[in-house]
Amino acid sequence: MTDNFRHISKELVQVANKLHSRGWLLGTSGNLSTVVTRDPLQLAITRSAVDKGELTTADILLIDEDLKPVNGASGKPSDESALHVAVVKARNAGAVLHTHSVWSTALSDLHYAERGFAIEGFEMLKGLSGVKTHLHREWIPILENSQDMSELAQTLTQTLSADPQTHALVLHRHGLYTWGHDLKEAKRHVEILEFLFEAIGRTRMLN
């Protein structure tokens, strides 16, 4: 493996450990990826069924856009690798993060009938890439969860095409997908969105 891949693997482990400590990647939930090369497209992605609180660089695999490990690497990449590739292609993203928090899961259930929910008026929205004012209205699409990753990837691609401004989406009773031009931005988006989800959820409980 190249020095670049080793460096990216270390960064993914560090981010996974931080997100796990916040309760957003408990147990084997969630997955993380970073683009290593674009031509050909190759992603560093977490291995399937690994506890994110115990993740090591040995649990990061290099895959191609057909979801196959590169250079004969052993191990099974995340079951949701197809969704990461779909996001990278649809958004030209450099990193994709998928978390399983209590608040994103609860809101996905609460707003499932509307197939999404809006967030507006919060100062924290300005932490999202390109957002300059708290008056921004961020629409979070909710997709039905599925075990058919090929079909779900197609639905995800169609959703992002229909709403090119959205910074994230949520799978029903599953969790958040967000991205960024690099891993640092993607991590920031997770932190911003999880804050907003919790703020909305707790406010509704208080009311």
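Every value quoted in this text rests on a predicted model; they were computed, and no experiment measured them.

Asker: Just to check I follow, could you spell out the overall build of the chain for this structure?
Answerer: Of regular secondary structure, the chain possesses five helices and eight strands. The linear arrangement of helices and strands in the chain, starting from the amino end, is α-β-β-β-α-β-α-β-β-α-β-β-α. Since a compact globule built from 207 residues should have a radius of gyration of about 17 Å, the 16 Å found for the chain is in line with a globular shape. Its C-alpha atoms give the chain principal-axis dimensions of about 55 × 35 × 35 Å. Split into buried and exposed, the 207 residues of the chain put 52% on the buried side. Within the chain, residue pairs in contact and separated by at least 24 positions form 63% of the contacts whose partners lie at least 6 positions apart. Per element, the accessible surface of the chain, about 9900 Å² overall, is 50% carbon and sulfur.

Asker: Sorry if this is basic, but what is going on with the sheet that holds strand 6 (residues 137-143) here?
Answerer: Strands in a sheet are paired, the pairing made by backbone hydrogen bonds, and the direction either parallel or antiparallel. Strand order in the open sheet formed by eight strands is 3-2-1-4-8-7-6-5, with mixed pairing between adjacent strands. Pairing within the sheet leaves two strands with one partner each, and these edge strands are strand 3 (60-64) and strand 5 (116-120). Here the strands of the sheet are splayed against their neighbours by 20° on average, with no regard to which way each runs. Its contacts with the sheet place helix 1 (residues 3-21) against strand 1 (31-38), strand 2 (41-46), strand 3 and strand 4 (95-99), and it is angled at close to 160° to strand 1. Running over the sheet, helix 5 (residues 183-206) touches strand 1, strand 4, strand 5, strand 6, strand 7 (168-171) and strand 8 (175-180) and is turned about 145° from strand 8.

Asker: What is the right way to read the nonpolar core from this model?
Answerer: Proteins that are soluble and globular tend to have nonpolar side chains buried together. Grouped together as the largest cluster of nonpolar side chains are 23 residues, with contacts concentrated most on Leu-43, Leu-83, Val-87, Val-96, Leu-156 and Leu-171. The greatest single-element share of this core, amounting to six residues, is contributed by helix 2 (residues 81-91). For Val-87, the residues in contact, after removing those within four places along its chain, are Asn-92, Ala-93, Val-96, Leu-156, Leu-160 and Trp-179.

Asker: Please clarify how the packing of aromatic side chains should be interpreted in this entry.
Answerer: For any pair of aromatic rings, geometry is given as the distance between the ring centres together with the angle between the planes. Enumeration over the complete set of coordinates arrives at one aromatic pair. Looking at Arg-115, its charged tip hangs above the ring of Tyr-112, at a distance of 4.1 Å from the centre.

Asker: Teacher, can you tell me more about the environment of Arg-173 here?
Answerer: Tracing the backbone through its elements, the reader meets Arg-173 in the loop between strand 7 and strand 8. With 42 residues separating them along the chain, Arg-173 and Val-131 place their C-alpha atoms 27 Å apart. Here Arg-173 is in contact with Thr-105, Ser-108 and Asp-109, once residues within four sequence places are set aside.

Asker: Looking at this model, I keep getting lost on the packing of helix 3 (residues 102-110) against helix 5. Mind explaining?
Answerer: Any two packed helices are characterised by how steeply their axes cross, that is the angle between the axes, and by the distance between the axes. Where helix 3 meets helix 5, the axes come as close as 9 Å, and the angle between the chain directions of the two elements is 60°. Between helix 3 and helix 5, the angle is such that the two are oblique. As helix 3 runs across helix 5, the sense of the crossing is left-handed. Counting all contacts with helix 3, which are made through Trp-103, Ser-104, Leu-107 and Leu-110, the residues of helix 5 involved are Glu-194, Phe-197, Glu-198, Ile-200, Gly-201, Arg-202, Arg-204 and Met-205.

Asker: Is there a simple way to think about the pattern of salt bridges in this case?
Answerer: If the charged atoms of two oppositely charged side chains come close together, the side chains can form a pair. This model, assessed by the stated rule, comprises ten salt bridges. Among the salt bridges present, the one from Glu-123 reaches Lys-126, with a minimum N-O distance of 2.8 Å. Linking Glu-185 and Arg-188 is a salt bridge whose minimum nitrogen-to-oxygen distance equals 3.9 Å. One end of the pair is Glu-185 and the other is Arg-188, both in helix 5 and three residues apart, which spans about a single turn.

About the thresholds
Residues numbered from 1 in each chain as written. Predicted model: local features only at pLDDT ≥ 70, side-chain atom pairs only at ≥ 80, totals over all residues. Heavy atoms only, no water. Helix = DSSP H or I, 4+ residues; strand = E, 2+ residues; numbered from the N terminus. Rg over C-alpha atoms; globule rule 2.2 N^0.38 Å. Buried < 20%, exposed > 50% of the residue type's maximum accessible area, 1.4 Å probe, protein only. Contact = heavy atoms within 4.5 Å. Areas by Shrake-Rupley, 256 points an atom, 1.4 Å probe, with all protein chains shown as cover. Pairing = 2+ DSSP bridges. Axes fitted to C-alpha atoms, helices over the stretch in contact; angles between N-to-C directions. Core = buried A, V, L, I, M, F, W, Y, C linked by side-chain atoms within 4.5 Å. Phe/Tyr/Trp six-rings, centres within 6.5 Å; stacked < 30°, edge-to-face > 60°. Lys NZ or Arg CZ within 6 Å of the ring centre and 35° of its normal. Parallel < 35°, antiparallel > 145°, perpendicular 65-115°, else oblique. Left-handed = near helix turned anticlockwise from the far one by under 90°. Salt bridge = Lys/Arg side-chain N within 4 Å of Asp/Glu carboxyl O.

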